[in-house]
Amino acid sequence: MQIQNVRNFAIIAHIDHGKSTLADRIMEQTQTVSDRESQAQLLDDLAVEQAHGVTVKSRTVRNYYTADDGQEYEYNFIDTPGHVDFTYEVSKSLAASDGALLLVDATQGVQAQTVANLRLAQDNHLTVIPVINKIDAAAADVERTAEQIRSLSPDFADVTMLKISAKTGLNVHDVLEAIHTTIPAPTGSLKQPLKALVFDSQYDAFKGIIAYVRLMDGQLKPNDKLKLMATDQPVMANEIGIFTPQRVAAKQLVAGDVGYVVTGLKDPQALRVGDTLTSVANPTATALPGYQPSQSMVFAGFYPQGDHYHDLQLAVEKLALNDASFHYRPESSDALGAGFRCGFLGIFHLQIIRERLHDEYGLDVLTTAPNVTYRVHVKNGDDPLIVDNPIKFPDYSKIDYVEEPLATATITTTSESLSDVMKLATQHKGELQDMRNQGDLVVLEYQLPFAEIAYDFFNALKSVSHGYATLTTELAGYDIADVVKVEVHVNYARVDALSFVVHREDAPLMAQELVHKLKFVIPRKLNPMPVQSVVEGKALARVDVPPLRKNAAANGEKRSTSKKQALLRRQSMNKRQSAHSDIELPQEVFNAVLDLE
Ligand code: GTP
């Protein structure tokens, strides 16, 4: 295929605006997939994606399209996720594209991620084609949506709006035509040395690391000797190919193409997404700019259940290869032994990674309560300590002051839900910064502690707004906060993995609530076990986990007094011997911390 007939583009949109449905229609109308295959959504094939009905991973597909001008075009598209926790995945896909279809649901109009994704596309200098979707729906307001899109960017002032139904296929043909008439062909040269961007990767149990590449210049054949420029890591092109959407081997890839390289590398750490692949014999002079590493916003400990540390290690390494926004490093806890401190872009991301560990690696991990990063200034210290693990939170007597991360949250909601949404934001310590109308919707901007939105804010927002409100968040710096560490002591011994950090004003209530929850989930022992929440050395709440056996001294026991006394003596011996907490911690114990209001 001539490079001038190649088009590389991404499909971007707010969550649920119909990207995957449009991707399916494009594959169908270009006969990339058979009718039988297109019965089901083809691209969201991860179990987590089907379970949640959302796209988590970007997907790449090559299609051939015979246009109305009689020419055949190669369309490489990347279907991207819409949820805010996966924005990093979108930005990687955009770096491999020359254009983007910006899909907007006509029943909802422009939403927060529409704006955020458009900004990402413009940052990558892509040609953006706005497309209004779901025009078949009864609630569609096509004209209002068109107005909203026009007001997003001066580039859209005079464009003819494409109005489609990805569901029924209506006007999808117009989209296929607009792609080759509007989006530019790649600009690379076949004669230049190979320069390929690694924009994604995957670990295959048989083939090792597979790099997803976009060739900027040059060409690539099977068995070429290659190297990764950032690390000088040699790579053999064992197999190369394209996505249809399944991987299909090819004889060559040329400038402008999107495809894959089976690298033969087995160590999951040997390749970093964003690196440049070039040839050993004739290397390119400069590497591509690559990506900014993503910044983790939420952290949690992952611990193996039973004796599976090494399985977990391999699994997190491989997952990190497939998801460059997931970070991990080894850590250990007194209560749980060796595990990993993991960093995520948000709480939904955490949940997805846990489920992928289960689905793809058969591992159920113990997950400690998530937390954000604190900057702890200790007395007489110079630089603040960066604490992303409550276990490492210094003793209160040593702390001068603590700073916590703040978020700017942009919430778009209907006017009917406005008061409930505002109430929710205030409950989460939100301070209103700005409020404006956008058509019939209200856009609110709040500043609030990142920890407040890191947990369940998104779900709570969906629930108070009956599913209509949307949220985007951005880190807005750090500010001084009066936070304390809540420790949990079981049988007078601290269980480090259960510690968490909260605002001082919330500590007493949470401490109470927590011990009452723990009472029912901590495995019982032969003797009663006190469970205490301790803040700054003081126990704020206490319950006793009842013992496994009957109380020997209980009234109504048909035993002689001397037998009862003997039993009590034995029990008190037991009690003294076990004044440490060798308890096992099932996931329910951590959920008790997670579920705190
Ligand atoms: P994420 O990848 O999770 O962000 O979602 P998405 O943008 O890929 O949306 P998806 O294609 O999964 O569609 C979301 C829902 O909208 C599904 O229930 C689709 O059936 C529905 N949908 C998509 N396109 C249309 C359309 O043109 N008309 C109508 N009525 N429904 C549509």
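Residues numbered from 1 in each chain as written. Predicted model: local features only at pLDDT ≥ 70, side-chain atom pairs only at ≥ 80, totals over all residues. Heavy atoms only, no water.

**Quick notes on the overall build of the protein chain**
Okay, so step 1: Looking only at helices and strands, the protein chain has 14 helices and 31 strands in total.
Okay, so step 2: Since a compact globule built from 597 residues should have a radius of gyration of about 25 Å, the 28 Å found for the protein chain is in line with a globular shape.
Okay, so step 3: Across its three principal directions, the C-alpha atoms of the protein chain cover 100 × 60 × 55 Å.
Okay, so step 4: In the protein chain, once contacts between residues fewer than 6 apart in sequence are set aside, the share between residues at least 24 apart is 69%.
Okay, so step 5: When the accessible surface of the protein chain is totalled, it reaches about 26,500 Å², and 49% of it is carbon and sulfur. (Helix = DSSP H or I, 4+ residues; strand = E, 2+ residues; numbered from the N terminus. Rg over C-alpha atoms; globule rule 2.2 N^0.38 Å. Contact = heavy atoms within 4.5 Å. Areas by Shrake-Rupley, 256 points an atom, 1.4 Å probe, with all protein chains shown as cover.)

**A short note on the packing of aromatic side chains**
Okay, so step 1: Under the defined criterion, the tally for this structure stands at 13 aromatic pairs.
Okay, so step 2: Ring plane angle 55° and centroid distance 4.7 Å describe the contact between Y212 and F243, whose orientation is recorded as tilted. Of this pair, Y212 sits in strand β8 (residues 208–217) while F243 is found in strand β12 (residues 239–243), placing the two residues 31 residues apart along the sequence.
Okay, so step 3: By relative accessible area, which is 5% here, F243 ends up buried.
Okay, so step 4: Pairwise contacts between aromatic rings join F302, Y309, F326, Y328, F340 and F344 into one cluster. (Phe/Tyr/Trp six-rings, centres within 6.5 Å; stacked < 30°, edge-to-face > 60°. Buried < 20%, exposed > 50% of the residue type's maximum accessible area, 1.4 Å probe, protein only.)

**Here we look at the UniProt feature "binding site: GTP" (unreviewed entry) in the protein chain**
Okay, so step 1: Per the UniProt record, "binding site: GTP" (unreviewed entry) is annotated on D16, H17, G18, K19, S20, T21, N133, K134, I135 and D136.
Okay, so step 2: Here T21 shows up in helix α1 (residues 19–29).
Okay, so step 3: Judged by relative accessible area, which is 24%, T21 ranks as partly exposed.
Okay, so step 4: Mapped onto the fold, I135 is located in the loop between β5 (127–133) and α5 (142–150).
Okay, so step 5: Judged by relative accessible area, I135 falls into the partly exposed class, the value being 23%.
Okay, so step 6: Not counting residues within four places of it along the chain, the set of residues in contact with I135 comprises A140, V142, K163, I164, S165, L170 and N171. (UniProt positions renumbered as here; feature names shortened; annotations may be inferred.)

**Looking at the pattern of salt bridges**
Okay, so step 1: Under the definition given, this model contains 22 salt bridges.
Okay, so step 2: The salt bridge partner of D141 is R144, with a shortest N-O separation of 3.5 Å.
Okay, so step 3: R144 sits in the buried class, given a relative accessible area of 19%.
Okay, so step 4: R504 serves as the salt-bridge partner of E536, at 3.2 Å between the closest nitrogen and oxygen. Taken together, the residues span a long stretch of sequence, with E536 in the loop between β30 (529–535) and β31 (538–545) and R504 in the loop between β29 (500–503) and α12 (507–521) at a distance of 32 residues.
Okay, so step 5: For E536, a relative accessible area of 24% puts it in the partly exposed group. (Salt bridge = Lys/Arg side-chain N within 4 Å of Asp/Glu carboxyl O.)

**Observations concerning the sheet that holds strand β13 (residues 247–249)**
Okay, so step 1: One open sheet holds the eight strands; their spatial order is β11-β10-β16-β7-β8-β15-β12-β13, and the pairing between them is antiparallel. Across the chains shown, the open sheet's two edge strands, defined by having one partner strand only, are β11 (233–236) and β13. Ignoring strand direction, the axes of neighbouring strands in this sheet form an average angle of 40°.
Okay, so step 2: The pairing of strand β7 (residues 195–204) with β8 spans nine bridges and is antiparallel. Across the sheet, residue A196 finds its bridge partner in β8, namely L215.
Okay, so step 3: Most of the contacts of helix α7 (residues 309–322) go to β7, to which it runs at about 145°, and overall it touches β7 and β8. (Pairing = 2+ DSSP bridges. Axes fitted to C-alpha atoms, helices over the stretch in contact; angles between N-to-C directions.)

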